[in-house]
Amino acid sequence: MRPTEAIIDLAALRSNLEVARRLAPTSRILAVVKANAYGHGAERVSAALTEYVDAFGVATITEALALRVSGIERPILLLEGFFEAAEIPDIVQHRLDIVIGNEEQLHAFLAADLHRPLRVWLKVDTGMHRLGFCPEKFDVAYSRLKASDAVADIIVMSHFAEADRTEGLGTPTQLALFESKTAHLNAPASLANSAAVLAWPSTHRDWIRPGLMLYGLSPLDRLTSEADTLRPVMTLRSSLSLVRTVEAGEAIGYGGRSVCAERTRVGVVPLGYADGYPREAPDGTPVLVAGRPSRVLGQVSMDMITVDLENIPEAQVGTPVELWGAELSATDVAEIVGTINYTLITGVSARVPRRYV
Ligand SMILES: *Cc1c(COP(=O)(O)O)cnc(C)c1O
């Protein structure tokens, strides 16, 4: 078998959940498991967390129904609500919570004939300017939902645009606007994504919505002591499938990007951009070979990469390679690649087997 795999450490997952709980001890926890639990496998991750969390969050009804089929009984929130009214019967049947964040959703929801009331998360746009009612329209939307038999209860919510910046006025400004629109309603409130859980305690309120931090990575622009206690859940690993020597002056891989200044020992790793390893990775992107620092040499191909073995004389076919994970932070790899840790972990493709430990 090809040795490439993503090891998913469920003990690390639960440990990260405990970090969130410790930071927000009086809040309920909605664990965000959209996008196949950020590439970790939504069913296994949700099964591992369901005892310890109050709800799950996903982006699409397909994701929600897959969790119901796999036996998840907890509330599941559609974080963007529904995309068309045709989804409403399934939402009711499978007891899903929905976000309502614009007039179209509100009208479609109020016009639908539900035989069971739903929990609604009413979203106000406090500055992200993506989803949510603008503040002037929020009160009317709230009153209409409050008056509807179709609504079991209402949670008021908003989303931060820059909670990852640990300083600056963006988040306090959004929070103040949220307070001014919702404080008098006495409704449960939810604002905090991972960044806000880690860096903005005043935003924790009744429900936190951590995603990335559960997977052991930090969204913050600097290291904090809390973020430092997170443990990466995914380790993307493989092993050398070939070791060879390339002569001085010869180039490695497509386009001849990496020309060897001297005779160089090179290893082939059977993983490429079709597995989710970023094609944008430049020469010098860090990898670990036998636990020791090495680097990508040459263009990433669809099914393979090539790495420098010059300082790792013991490397041979079968020597383990870590692309990111427990020993090499996906955050550091992302920085060199010019992306963010979110895209690396969510990008690991279906071809890579997940192994749960
Ligand atoms: C994805 C998402 C989250 C989780 O964000 P992280 O930065 O991964 O913690 C929280 N809330 C909403 C509405 C989301 O869409």
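Residues numbered from 1 in each chain as written. Predicted model: local features only at pLDDT ≥ 70, side-chain atom pairs only at ≥ 80, totals over all residues. Heavy atoms only, no water.

1. Overview of the packing of helix H1 (residues 10-23) against helix H3 (residues 42-49)
Packing of H1 against H3 brings their axes to within 10 Å, and their N-to-C directions diverge by 55°. Between H1 and H3, the interaxial angle falls into the category oblique. In this structure, H1 meets H3 at a crossing whose hand is right-handed. Here H1 contributes Leu 10, Leu 13, Arg 14 and Leu 17 to the contact with H3, which in turn contributes Arg 44, Val 45, Ala 48 and Leu 49. Of the residues contributing to the contact of H1 with H3, the split by class is six nonpolar, no polar and two charged. (Axes fitted to C-alpha atoms, helices over the stretch in contact; angles between N-to-C directions. Helix = DSSP H or I, 4+ residues; strand = E, 2+ residues; numbered from the N terminus. Parallel < 35°, antiparallel > 145°, perpendicular 65-115°, else oblique. Left-handed = near helix turned anticlockwise from the far one by under 90°. Contact = heavy atoms within 4.5 Å. Nonpolar A, V, L, I, M, F, W, Y, C, P; charged D, E, K, R; others polar.)

2. Digging into the pattern of salt bridges
A complete count under the given rule lists 17 salt bridges for this structure. As a salt-bridge pair, Asp 97 and Arg 119 come within 3.6 Å of each other at their nearest N and O atoms. Of this pair, Asp 97 sits in strand E5 (residues 96-100) while Arg 119 is found in strand E6 (residues 118-123), placing the two residues 22 residues apart along the sequence. Given the relative accessible area of 7%, Asp 97 is considered buried. A salt bridge links Glu 314 to Arg 292; the nearest nitrogen and oxygen atoms lie 2.9 Å apart. Within this pair, whereas Glu 314 is found in the loop between strand E17 (305-308) and strand E18 (320-324), its partner Arg 292 is found in strand E16 (residues 292-295), the two being separated by 22 residues in sequence. Owing to a relative accessible area of 33%, Arg 292 belongs among the partly exposed residues under this scheme. (Salt bridge = Lys/Arg side-chain N within 4 Å of Asp/Glu carboxyl O. Buried < 20%, exposed > 50% of the residue type's maximum accessible area, 1.4 Å probe, protein only.)

3. Some points on the domain arrangement of the chain
Its domain assignment divides the chain into domain 1 (10-216) and domain 2 (234-356). Computed from C-alpha atoms alone, the centre-to-centre distance between domain 1 and domain 2 is 37 Å. In total, domain 1 and domain 2 occlude about 840 Å² of area from one another, counting both sides; carbon and sulfur atoms represent 67% of this. When the area that domain 1 buries against domain 2 is broken down by residue, the three leading residues are Tyr 38, His 40 and Leu 212, summing to 55%. For the pair domain 1 and domain 2, the number of links is zero salt bridges. For the pair domain 1 and domain 2, the interface holds two residue pairs in polar contact (both at pLDDT 80 or more). Broken down by element, the side of domain 1 that touches domain 2 gets its largest block of residues, three residues, from helix H2 (residues 34-39). For the side of domain 1 that touches domain 2, the class distribution of residues is five nonpolar, three polar and one charged. (Domains from an automatic or database assignment. Buried area = accessible area lost by both parts, 1.4 Å probe. Polar contact = N/O pair within 3.5 Å; in protein donor to acceptor, adjacent residues only side chain to side chain.)

4. Regarding the nonpolar core
Residues Phe 109, Tyr 277 and Trp 324 are the most contacted members of the largest nonpolar core, which totals 113 residues. The element contributing the most residues to this core is H1, with six residues. Domain assignment of the residues forming this core places at least three in each of domain 1 (10-216) and domain 2 (234-356). Sequence-distant contacts of Phe 109, that is, excluding residues within four places in its chain, are made with Phe 82, Ile 88, Ile 98, Ile 100, Leu 114, Leu 118, Val 120, Leu 145, Ala 150 and Val 151. If you look at the next biggest cluster of nonpolar residues, it comprises five residues, including Val 246, Ile 252, Val 266 and Leu 297. (Core = buried A, V, L, I, M, F, W, Y, C linked by side-chain atoms within 4.5 Å.)

5. Quick look at the sheet that holds E17
With antiparallel pairing, the three strands of this open sheet are ordered in space as E11-E14-E17. Each edge of the open sheet carries a strand with a single partner, namely strand E11 (242-246) and E17. Averaged over all neighbouring strand pairs, the angle between strand axes comes to 35°, with direction disregarded. When E11 meets strand E14 (residues 264-269), the two strands line up antiparallel, connected through five bridges. Opposite Arg 244, over in E14, you have Val 266 as the bridge partner. (Pairing = 2+ DSSP bridges.)

6. Considering the pairing of E5
In terms of residue burial, E5 counts as a mostly covered element, since five of its five residues are buried. Here E5 shows a buried face lined by Leu 96, Ile 98 and Ile 100 and a second buried face lined by Asp 97 and Val 99. Pairing between strand E4 (residues 76-78) and E5: three bridges, direction parallel. Bridging across to E5, Ile 76 finds its partner in Leu 96. Tracing the backbone out of E4, into helix H5 (residues 88-93) and back to the parallel element E5 gives a crossover that is right-handed. Here E5 pairs with E6 via three bridges, running parallel. Within E6, the residue paired with Ile 100 across the bridge is Leu 122. Remark: the E5/helix H6 (residues 103-111)/E6 crossover connection has right-handed handedness. (Right-handed = clockwise from strand over helix to strand, strands pointing away.)

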